[in-house]
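# Structural features, examined
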Amino acid sequence: MELVRLVNEGVDRPVIETDRFVLRAPRHSDTGLLSLYAGDERVARNARSIPHPLPPGATEAFIRRALDPKAEKLAWVLDGSASGLSEVLGVISLKPMDREQSEVSFWVAPSFWGTGIATAALGAIVAANPLGAKSLVAEIFQDNQASARVLTRNGFEYLGDAETYCVSRGAQVPTWTYLRKLG
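All of the points below concern the structure found in this document. Along each chain, the written sequence defines residue order, and numbers are assigned to residues from 1. Under the rules for a predicted model, residues below a pLDDT of 70 receive no local features and side-chain atom pairs below 80 are neither given nor counted, while totals for whole chains, interfaces and linings still include all residues. As a convention, hydrogens and water are excluded, and side-chain values are obtained from all of the structure's heavy atoms.

Another point: the pattern of salt bridges. Put simply, a salt bridge is a Lys or Arg side-chain nitrogen that is within 4 Å of an Asp or Glu carboxyl oxygen. Inspection of every chain in the model, using the stated rule, returns 11 salt bridges. Ionic pairing is found between Asp79 and Arg24, a salt bridge with its closest N-O pair at 2.7 Å. With Asp79 in strand 4 (residues 74-79) and Arg24 in strand 3 (residues 22-24), this residue pair connects regions lying 55 residues apart in the sequence. Note on accessibility: Asp79 and Arg24 belong to one class, buried. In this text, helices come from DSSP runs of H or I with a minimum length of four residues, and strands from runs of E with a minimum of two, each type numbered from the N-terminal end. Buried, partly exposed and exposed residues are distinguished by accessible area as a fraction of the type maximum, computed with a 1.4 Å probe on protein chains only: under 20%, between the cut-offs, and over 50%, respectively.

What follows is the structure, given as structure tokens:
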């Protein structure tokens, strides 16, 4: 288990440190790498709202929304630069819901698949619990077994099947829903 430490407890989004990377707010300087990785069809196919091909300005709009103090969803960039990795490894976000729940979503650049980065990032969010949620929910596509393993490795339990629209696929996609109780 990686050490997780809240470094800068901001009102809206703390910086969360692990021994391999930090979770920090997106920066405008992340545009190039975010566009490269989110523009990869393999990433877009596993995310609900990332279009493929990625249209011009989409990454800049994501960063603007993420930095808006009134944003409904908080996003962190996985930054591995202090460990000699890429400055952008992926993104993880939390969306507050009712009943003191938050929905967590994440993606990791394909170059870092299979390295434990997603598992560590989700573990850091669970340990830090920056929104003080009583539980976290996650929804993943049924053809994304790797993300199912990331969730179960972090103590998420399967709740049931559903479906949701995937922008890049242009279709409804079967999903699995998971829950992680906190505290």
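Next comes the rest of the account.
By convention, a stacked pair of Phe, Tyr or Trp rings (six-membered ring in the case of Trp) has centres within 6.5 Å and planes under 30 degrees apart, an edge-to-face pair has planes over 60 apart, and any other such pair is tilted. Considering all chains together, one arrives at one aromatic pair under this definition. Seen from their ring centres, Tyr158 and Tyr178 are 6.0 Å apart, and the 75° between their planes marks the pair as edge-to-face. You can see Tyr158 sitting in strand 8 (residues 157-166) and its partner Tyr178 sitting in strand 9 (residues 171-181), a full 20 residues away along the chain. Owing to a relative accessible area of 7%, Tyr178 belongs among the buried residues under this scheme. When the NZ atom of lysine or the CZ atom of arginine is within 6 Å of a ring's centre and also within 35 degrees of its normal, the charge is said to sit over that ring. Sitting over the face of the ring of Trp113, Arg42 holds its NZ or CZ atom 5.7 Å from the ring centroid.

In this analysis, axes come from line fits to C-alpha atoms, helices being fitted only over the stretch in contact, and the angle between any two N-to-C directions falls in the range 0 to 180 degrees. Running from N to C, helix 1 (residues 31-38) and helix 3 (residues 58-67) point in directions that differ by 115°, and their axes come no closer than 9 Å. Helix-helix and strand crossings are classified by hand; for helix 1 and helix 3 the assignment is right-handed. Here helix 1 contributes Thr31, Leu34 and Ser35 to the contact with helix 3, which in turn contributes Thr59, Glu60, Phe62 and Ile63. Any residue that is not Ala, Val, Leu, Ile, Met, Phe, Trp, Tyr, Cys, Pro, Asp, Glu, Lys or Arg is counted as polar, Gly included; the first ten are nonpolar and the last four charged. Split by residue class, the contact of helix 1 with helix 3 holds three nonpolar, three polar and one charged. Crossing handedness is read from the near helix: turned anticlockwise from the far helix by less than a right angle, it gives a left-handed crossing, and turned clockwise, a right-handed one. Should any heavy atoms of two residues lie within 4.5 Å, those residues are considered in contact.

Time to look at unusual backbone geometry. For the bond from His52 to Pro53, the omega torsion is 0°, close enough to zero to count as cis. Within the secondary structure, Pro53 is located in the loop between helix 2 (41-44) and helix 3. The phi angle at Arg99 is positive, at roughly 55°, despite the residue not being glycine. Position of Arg99 relative to the elements: it lies in the loop between strand 5 (90-96) and strand 6 (101-108). A residue is classified by how much of its surface remains accessible, and Arg99, at 64% relative accessible area, is exposed. Positive phi is not limited to glycine here, since Glu100 has a value of about 55°. In this fold, Glu100 is placed in the loop between strand 5 and strand 6.

Let's shift gears to the packing of helix 4 (residues 117-128) against helix 5 (residues 145-153). It is at 9 Å that the axes of helix 4 and helix 5 come closest, and there the two elements cross at 40°. As far as their axial angle goes, helix 5 and helix 4 are oblique. Classified by chirality, the crossing of helix 5 by helix 4 is right-handed. Within the contact between the two elements, helix 4 uses Ala118, Thr119 and Leu122 and helix 5 uses Val150, Leu151 and Arg153. Residues that form the contact of helix 4 with helix 5 fall into these classes: four nonpolar, one polar and one charged. Oblique is the label for any angle not covered by the other classes, which are roughly parallel (under 35 degrees), roughly antiparallel (over 145) and roughly perpendicular (65 to 115).

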